[in-house]
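As a plain string of letters, each chain reads:
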Amino acid sequence: MKTPGRPLYSIAEAYIILYMAFLTIPQLSRAKKKGFLEQKFIERIMLAVTEVNGCDICSYAHTKMALEAGLNDKEIQNLLAGLSGDVPPEELPAVMFAQHYADTRGKPSQAAWDQVNKTYGRPKALGILGAVRVMMMGNTYGIPWSSFFKRLKGKPDKRSSLPYELGMLVCSILFVPVAAVHAALSGLAGDTVKI
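Residues numbered from 1 in each chain as written. Predicted model: local features only at pLDDT ≥ 70, side-chain atom pairs only at ≥ 80, totals over all residues. Heavy atoms only, no water.

Thoughts on the overall build of the protein chain
Phase 1: Along the backbone of the protein chain there are 8 helices and 0 strands.
Phase 2: Helices (α) and strands (β) of the protein chain occur, in sequence order from the N terminus, as α-α-α-α-α-α-α-α.
Phase 3: A globule of 195 residues ought to have a C-alpha radius of gyration of about 16 Å, and the protein chain, at 16 Å, matches this closely.
Phase 4: Each principal axis of the C-alpha atoms in the protein chain carries an extent, and together these give about 45 × 45 × 30 Å.
Phase 5: Scored against the burial criterion, the 195 residues of the protein chain give a buried share of 47%.
Phase 6: A fraction of 76% describes how many contacts in the protein chain between residues 6 or more apart in sequence connect residues 24 or more apart.
Phase 7: With an accessible surface of roughly 9500 Å², the protein chain has 64% of that area assigned to carbon and sulfur atoms.
Phase 8: With 23 positive and 16 negative side-chain charges, the protein chain shows a separation of 4 Å between the mean positions of the two kinds. (Helix = DSSP H or I, 4+ residues; strand = E, 2+ residues; numbered from the N terminus. Rg over C-alpha atoms; globule rule 2.2 N^0.38 Å. Buried < 20%, exposed > 50% of the residue type's maximum accessible area, 1.4 Å probe, protein only. Contact = heavy atoms within 4.5 Å. Areas by Shrake-Rupley, 256 points an atom, 1.4 Å probe, with all protein chains shown as cover. Lys, Arg positive; Asp, Glu negative; His and termini not counted. Charge placed at Lys NZ, Arg CZ, Asp CG, Glu CD.)

What follows is the structure, encoded as structure tokens:
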């Protein structure tokens, strides 16, 4: 994982990431319902995102989910090491987009997003974007939780501080209802995707 040295998300970034996740959760749900995205594919995307962000709690949880979805140990270990050799060729563009999205802190290039749309078609691309953003949300708030529990065990995350961890935990509680309403209003206005 790329944890050492990767800057943590600011409180402002955390709100935007949460809002973007809420904005595209309906597209992820729709893509799953219509059979555009299998759980294995979603887990590959999520493991790729969490590898970039370095969230211990998310890596643990999604390793379990990936195993339950049918991924093997080697593929999971490779995804968590940033290696994509075991990813099926038809899923590789989405996994690479997921890495790019996380690496750019939720600000991918328009060209990368256009390529995902061209490769998969709009409904499936929106499901992929939803999976990426849900994992970004999980990582953004999972990292402070991981850091806080490490601190309690006497092994603090060198990138973090107790005020940051507590601040992010409090913000997560305050931001959820606000971001949910914000995303719902944006959805009603027809604004479902912002890249």
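As for the packing of aromatic side chains
Phase 1: Scanning the entire structure with this criterion turns up 6 aromatic pairs.
Phase 2: Centre to centre, the rings of Tyr15 and Phe175 are 5.3 Å apart; their planes meet at 85 degrees, and the pair counts as edge-to-face. Remark: Phe175 occurs in helix α8 (residues 162-188) and Tyr15 occurs in helix α1 (residues 11-33); sequence separation between them is 160 residues. Pair check on accessibility: Tyr15 and Phe175 agree, each one buried.
Phase 3: A ring pair is formed by Phe41 and Tyr120, whose centres lie 6.1 Å apart and whose planes are at 50 degrees; its orientation type is tilted. (Phe/Tyr/Trp six-rings, centres within 6.5 Å; stacked < 30°, edge-to-face > 60°.)

In short, geometric facts, not functional conclusions.
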